[in-house]
Number of protein chains: 2
Amino acid sequence: MLKVPEHQVAGHIASDGKLGPLVDDQGRFFKPLQGDSRGEHEAKFYESFTSNKKVPDHIHRYFPVYHGTQLVEASDGSGKLPHLVLDDVVSGYSNPSVMDVKIGSRTWYPDVSEEYFKKCIKKDRQTTTVSLGFRVSGFKIFDHQESSFWRAEKKLVLGYNADGARLALRKFVSSNSPADSNLTPNCAFASEVYGGSNGILAQLLELKDWFEIQTLYHFNSCSILMIYENESILMKEGDDAPAARAQVKLVDFAHVLDGNGVIDHNFLGGLCSFIKFIKDILQSVDKRDETNTSLLENGR
Amino acid sequence: MLKVPEHQVAGHIASDGKLGPLVDDQGRFFKPLQGDSRGEHEAKFYESFTSNKKVPDHIHRYFPVYHGTQLVEASDGSGKLPHLVLDDVVSGYSNPSVMDVKIGSRTWYPDVSEEYFKKCIKKDRQTTTVSLGFRVSGFKIFDHQESSFWRAEKKLVLGYNADGARLALRKFVSSNSPADSNLTPNCAFASEVYGGSNGILAQLLELKDWFEIQTLYHFNSCSILMIYENESILMKEGDDAPAARAQVKLVDFAHVLDGNGVIDHNFLGGLCSFIKFIKDILQSVDKRDETNTSLLENGR
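Residues numbered from 1 in each chain as written. Chains lettered and ligands numbered in written order. Predicted model: local features only at pLDDT ≥ 70, side-chain atom pairs only at ≥ 80, totals over all residues. Heavy atoms only, no water.

1. Quick notes on the interface of chain A and chain B
By convention, interface size is frequently given as the accessible area that disappears when the constituent parts associate.
So, step 1. Facing the 32 residues of chain A at the interface are 32 residues of chain B.
So, step 2. Buried surface at the junction of chain A and chain B, summed over both partners, amounts to about 2400 Å²; 61% is from carbon and sulfur atoms.
So, step 3. Along the contact surface separating chain A from chain B lie four salt bridges.
So, step 4. Note that E212 of chain B is salt-bridged to K208 of chain A, the shortest N-O span being 3.1 Å.
So, step 5. The interface formed by chain A and chain B contains 12 residue pairs in polar contact (both at pLDDT 80 or more). (Contact = heavy atoms within 4.5 Å. Buried area = accessible area lost by both parts, 1.4 Å probe. Salt bridge = Lys/Arg side-chain N within 4 Å of Asp/Glu carboxyl O. Polar contact = N/O pair within 3.5 Å; in protein donor to acceptor, adjacent residues only side chain to side chain.)

Written out as C-alpha cells, the structure is:
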C-alpha cells in the first residue's frame, strides 16, 4: 500500500522506477537508506537524537518522529531494501504548501574527501549557499486559480540569486497565480503563515535560541521544511475557522556530525540570515497594511 | 617621531626594514595603504563607515576612530607613502594584553579571483576558521613572573585546533607563567576581563545584536581585537582601584563589501561560536569559585 509522496519538493524522488521515499496511508514516510554509508549514518543520528535527553522537548518537536528502520519493497523495483520509518510530516494536511530550504553557508565539512569537497563547494558557490547562508531547494504551493498544485522548476530554483530567493519566499505565501511570473506576489498569507505566536518566524526564533547554545550536533547539509495548510486559510472567516498550521521541520541528517563542544556556527549563521529574510517580508506587509489603513481613514 | 608599535600581535609588522604600521606618541596609529587596491578599499570603508548615520553610536565605538590618510615616511625606508591615520587603540594602557581573533568560517567571499579563493580556503581549512568559525591570529600577555610581555609564537597559533584555541583564550586571562606550557592556565582574570557588565562578553553580545539585523556591510576577513590593562588588575584591591578596561575593537577592513540587504551571516556565525567559547570559560570559573566557597564553608 506504499505510494510516491505527493508533497515532496526536493531530494531523490521516486518516480519512473527510480529509488526514492514512499508513504503509506497511515501517516508514515519510508526513506530508503542512502548508499555509501550515508543511510546508516542518518539512521544512527535518529537513534542518538531520539533518545538524547539533553535535547529539550520543545526542540524534539522540530524533528520528524522516528520509528526505526524496516525492510520494504523499494520504489525502483529492486526488491526489499532497508528504509527509515518516519512520521510523514505533511500527513493530515489537505493542501499543504511546502518549501525545502537547505541551511548553511557550506554543505561540506572538515575531513570530507577532496572529491566530495569539490562537488559541494562548486554547488555552494553557484547557488545562494555562500552568499545568503541558505538555498531554496524546492517548493510547491496551491494555485487558487487552477485549484491544483504549482511546483517551482528545479533548474530555476537552483539558479536563484538573492532577489530570486526573496521572491520565492514571498511567492510561497501569496494567493495570486504562481504560474504567472509577471504578477507581483501579493503575500496574502504572510502574516498568517510567517507571523503570529505560532507562525514560522516564532518557530525559527525558538530554534535559533537552541542553536546558540547547543554543541551536541553539527547539522551539515540539513534542510528546514516549511509547511502550511493552504485550504484552511481561504476557508477562514468565522471564529471557529481552522488555522494555517504553519510548521517548521528539520530534515536530512546523512551528514550530521558530533558537535564536540562547538556550536554549529554554519547552521546558526544561515538560520539568522534566513530569519532576516522572513522578518523583512513581514515588515513590508505590515507597512503596506498600515498605508492601506491610513488611506481608508483619510478617504472617510 | 614615528616608531614600530609595541603591542601589535598580527598582520604585517614593521621590523627589520619591512613595511608595517607605525605609531606616534600622541596616540595615533599609521597603517600603510596595502597594495593592489586593498589599502584604498580600506580607506573608502573608513570614509563610508565614519559618516554612516545608519550605524548606531554604540556600535561606532567598537571601531578605531579614523582621521583620514596622510603621507608619512614608510617603515621600510621607501620614502613617503600614504597611511591610514587611526586612533591607536592601545594608547593609554600601561601593560595591555592583546589578542587578535579573525572572525568568520571563511576569509574569501563571492566574486574573488580563483587564486585568492584557493589561497584563502587552504588556510581556512588548515586553521580553525572552518571548524570553529574563527581563528586566533596572535596574542601577547604580560608575564607577571618575568615582568615582561610574553608573545605566542605565530607558527603555534596558526596550528591550533579547537583545544588549542580554547587554551589560548584561557591563557589570555591567566596570571601564571604563560611561557611554561605545563602549567594549566589559572584564569585569574577571567571574571574581571570576560565577565561583568563592561567586560568582553557584554561587548560581544552588543555587537551580536547589531550583526543580527545590520545589512550594510559584510566584514570579510576582519578581526576582533581584545585588549585589557594587565597592571591595573594586580593593583586592584581598594574601591578606587582602576578597572581592567577590557575592550573589544574591530579592525582590518580591506575586504569589507556592501551588505546589499543581506546580513553578514559569516561574521555572525563565527561571532556566536566565539561568544560560546568565552561563556564556557566564565562558566567553568564560576563553577570553580562555587566549589571553593563550599569547601571553605564546609571546612569551618
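2. Describing the sheet that holds strand β4 (residues 80–87) of chain A
Residues and elements named next belong to chain A.
So, step 1. With antiparallel pairing, the four strands of this open sheet are ordered in space as β1-β2-β4-β3. The open sheet has two edge strands, β1 (22–23) and β3 (66–73), and neither has a second partner.
So, step 2. As defined by bridge partners, strand β2 (residues 28–32) adjoins β4 across five bridges and the pair is classed as antiparallel. Note that in β4 the partner of F29 across the bridge is L86.
So, step 3. Sheet strands touched by helix α1 (residues 38–50): β2, β3 and β4. Its angle to β3, the strand with the most contacts, is close to 150 degrees. (Pairing = 2+ DSSP bridges. Helix = DSSP H or I, 4+ residues; strand = E, 2+ residues; numbered from the N terminus. Axes fitted to C-alpha atoms, helices over the stretch in contact; angles between N-to-C directions.)

3. Some words on the relation of the copies chain A and chain B
So, step 1. Least-squares fitting of chain A to chain B yields an RMSD of 0.0 Å, with the transformation described by 0.0 Å of translation along the axis and a rotation of 180 degrees. Expressed as a symmetry operation, the mapping of one chain copy onto the other fits a two-fold axis. Proximity to the rotation axis, assessed at the C-alpha, singles out G269 of chain A in chain A; its C-alpha lies 2.1 Å from the axis.
So, step 2. Interface residue correspondence from chain A to chain B reaches 100%, placing this contact among same-surface, isologous pairings. (Least-squares fit on C-alpha atoms with pLDDT ≥ 70 in both.)

4. Comments concerning the sheet that holds strand β5 (residues 96–103) of chain A
Residue and element names in this part refer to chain A.
So, step 1. A sheet is described by the order of its strands in space; here five strands give the open sequence β7-β6-β5-β9-β10, paired in antiparallel fashion. Two strands lie at the open edges of the sheet, namely β7 (148–151) and β10 (247–251), each paired on one side alone. Put simply, the sheet's adjacent strands are angled 20 degrees from each other on average, direction ignored.
So, step 2. By the bridge criterion, six bridges tie β5 to strand β6 (residues 134–143) in an arrangement that is antiparallel. Bridging across to β6, D100 finds its partner in G138.

5. Details of the domain arrangement of chain A
Residues and elements named next belong to chain A.
So, step 1. For chain A, the assigned domains are domain 1 (22–87) and domain 2 (96–291).
So, step 2. A separation of 22 Å is found between the C-alpha centroids of domain 1 and domain 2.
So, step 3. The interface is formed by 19 residues belonging to domain 1 together with 16 residues belonging to domain 2.
So, step 4. Counting the surface lost from both domain 1 and domain 2, the interface buries some 1600 Å², and carbon and sulfur atoms represent 63% of this.
So, step 5. Of all residues in domain 1, F45, Y62 and F63 bury the most surface against domain 2, accounting for 36% of the area lost on that side.
So, step 6. Joining domain 1 to domain 2, the criterion identifies two salt bridges.
So, step 7. In this structure, K31 engages D252 in a salt bridge whose closest nitrogen and oxygen atoms are separated by 3.0 Å.
So, step 8. Viewed at the interface, domain 2 and domain 1 are joined by nine residue pairs in polar contact (both at pLDDT 80 or more). (Domains from an automatic or database assignment.)

6. Side note on the nonpolar core
So, step 1. In this structure, F139, Y194 and F219 of chain A together with F139, Y194 and F219 of chain B are the most contacted members of the largest nonpolar core, which totals 133 residues.
So, step 2. Residue contacts for Y194 of chain B: discarding those within four places in its chain leaves L169, F172, V173, F189, G199, I200, L201, M226, I278, I281 and L282 of chain B.
So, step 3. Y116 of chain A together with Y109, I121 and V130 of chain B belong to the second-largest nonpolar core, a separate cluster that totals 16 residues. (Core = buried A, V, L, I, M, F, W, Y, C linked by side-chain atoms within 4.5 Å. Buried < 20%, exposed > 50% of the residue type's maximum accessible area, 1.4 Å probe, protein only.)

7. Re the environment of Q8 of chain A
Residue and element names in this part refer to chain A.
So, step 1. Along the chain, the position of Q8 falls in the segment before β1.
So, step 2. When the C-alpha positions of Q8 and V262 are compared, they lie 33 Å apart, and in sequence the two are 254 residues distant.
So, step 3. Those residues in contact with Q8 that lie beyond four places of it in its chain are I13, P21 and R151.
So, step 4. At 2.8 Å, the side chain of Q8 and the backbone oxygen of H12 are in polar contact.

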